[in-house]
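Spelled out from the first residue to the last, the chains are:
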Amino acid sequence: MVESIGISLKNPLINKSLKKKYIYQNKQLFGNEIYLQSLKPSIQDKKVKIEDSWYSQLKKEFDKDYWIQLSDLTRKKYLSRTIFPEPALLFNAFNSTPFENVKVVIIGQDPYHGEGQANGLSFSVNQGIKIPPSLLNIFKELQEDLKIPIPKSGNLQSWANQGVLMLNSVLTVEKDKPNSHKGLGWEVFTEECIKLLSSKLKNVVFILWGKQAQALSDNINSNKHLILSSVHPSPLSAHRGFFGSKPFSAANNYLKEKGIKPINWLIK
């Protein structure tokens, strides 16, 4: 039995309401599996609330020193500050796109740091949130590439559900402080994810926008996968090679050549 942060759940003096509060708090951060058996069939005794196929691939990672330190720091930050995305969406990219279903990987930097924006998918924002400039440029390129109209919503969940892993290099951020969790340890974790995808799957399209994403290309076997690189879609760089790069049609053409169902990039 794992103890709640700062409180032993075995202590008989703790009243029931306080105990429920701490169980709920930690379930949100780290999943039912820490305290309770999952109600649906799942891998038992998971240390991290992440989709089963990803857990099978990453379970050794969760025993490493850097992960233990990272998870401890993340717990403390969630409990003491305003951190995005909300805990239940921390692994949304993994939970939405099982390991064996990955067709395309789009790598971002860190989550949006504004209130209500981040939903655990790179470049994506929640329904009803104003579309950020980089995402708007992505939609402009999508329109030019595939004649798909610019959507009103910036929620990219439908892409994730089809096999597009929308993965940020850093999975958390403090409110109003961009890049505040850079160097915390997430980069080691996400690099391992890329290595696993490259080594264990084939015919995956890796879309690398910007230098930070492109730095991961050394972990990708270009003989087995397609790598599409360009500058970042940020307004500061999009006109230097992002516009006109046609990544969406290139990705779908490759998938079709390999006999894989292409992505419907339309956001409704």
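Residues numbered from 1 in each chain as written. Predicted model: local features only at pLDDT ≥ 70, side-chain atom pairs only at ≥ 80, totals over all residues. Heavy atoms only, no water.

### Concerning the nonpolar core
Reasoning step 1: Core analysis: the biggest nonpolar cluster contains 67 residues, and W159, F189 and W265 have the highest contact counts within it.
Reasoning step 2: In terms of residue count, helix α7 (residues 186-200) provides more of this core than any other element does, six residues in total.
Reasoning step 3: Those residues in contact with W159 that sit more than four places away from it in its chain are I106, I138, F139, L142, V164, M166, F248, N264, W265 and I267. (Core = buried A, V, L, I, M, F, W, Y, C linked by side-chain atoms within 4.5 Å. Buried < 20%, exposed > 50% of the residue type's maximum accessible area, 1.4 Å probe, protein only. Helix = DSSP H or I, 4+ residues; strand = E, 2+ residues; numbered from the N terminus. Contact = heavy atoms within 4.5 Å.)

### Examining the packing of helix α5 (residues 133-146) against helix α9 (residues 247-257)
Helix packing for two helices is described by the angle between their axes and how far apart those axes are.
Reasoning step 1: Two numbers describe how α5 lies on α9: the axes approach to 8 Å, and their chain directions differ by 60 degrees. The orientation of α5 with respect to α9, classified from their angle, is oblique. Here I138, E141, L142, D145 and L146 of α5 lie close against α9, whose contacting residues are P247, F248 and S249.
Reasoning step 2: Grouping the amino acids of the contact of α5 with α9 by side-chain chemistry returns five nonpolar, one polar and two charged. (Axes fitted to C-alpha atoms, helices over the stretch in contact; angles between N-to-C directions. Parallel < 35°, antiparallel > 145°, perpendicular 65-115°, else oblique. Nonpolar A, V, L, I, M, F, W, Y, C, P; charged D, E, K, R; others polar.)

### Quick word on the layout of surface pockets
Reasoning step 1: Taken as a whole, the largest pocket spans an internal volume of roughly 440 Å³.
Reasoning step 2: Residue lining of the largest pocket: 25 residues in total, with Q109, D110, P111, Y112 and H113 positioned closest to the centre.
Reasoning step 3: Grouping the constituent residues of the lining of the largest pocket by class yields twelve nonpolar, twelve polar and one charged. (1 Å grid on protein atoms, 1.4 Å probe; cavity = no way out; pocket = protein on both sides within 12 Å on 5 of 7 lines; lining within 4 Å. Points joined across faces, edges and corners; volume = space filled by probe spheres on them.)

### Description of the pattern of salt bridges
Reasoning step 1: Across all of its chains, the model carries eight salt bridges by this definition.
Reasoning step 2: Note that D52 is salt-bridged to K46, the shortest N-O span being 2.9 Å.
Reasoning step 3: Residues participating in the shared-partner salt-bridge network are R81, E174 and K177. (Salt bridge = Lys/Arg side-chain N within 4 Å of Asp/Glu carboxyl O.)

### Regarding the sheet that holds strand β6 (residues 226-230)
Reasoning step 1: Strand order in this open sheet of four strands is β3-β2-β5-β6, and the pairing throughout is parallel. At either end of the open sheet lies a strand with only one pairing partner, and these are β3 (164-168) and β6. Neighbouring strand axes in the sheet, compared pairwise and without regard to direction, differ in orientation by 20 degrees on average.
Reasoning step 2: For strand β2 (residues 104-108) and strand β5 (residues 205-209), the ladder comprises four bridges, and the chain directions are parallel. The residue of β5 that forms the bridge with V104 is V205.
Reasoning step 3: Of the strands in this sheet, β2, β3 and β5 touch α7, which is tilted by about 155 degrees from β3.
Reasoning step 4: Running over the sheet, α9 touches β2, β5 and β6 and is turned about 165 degrees from β5. (Pairing = 2+ DSSP bridges.)

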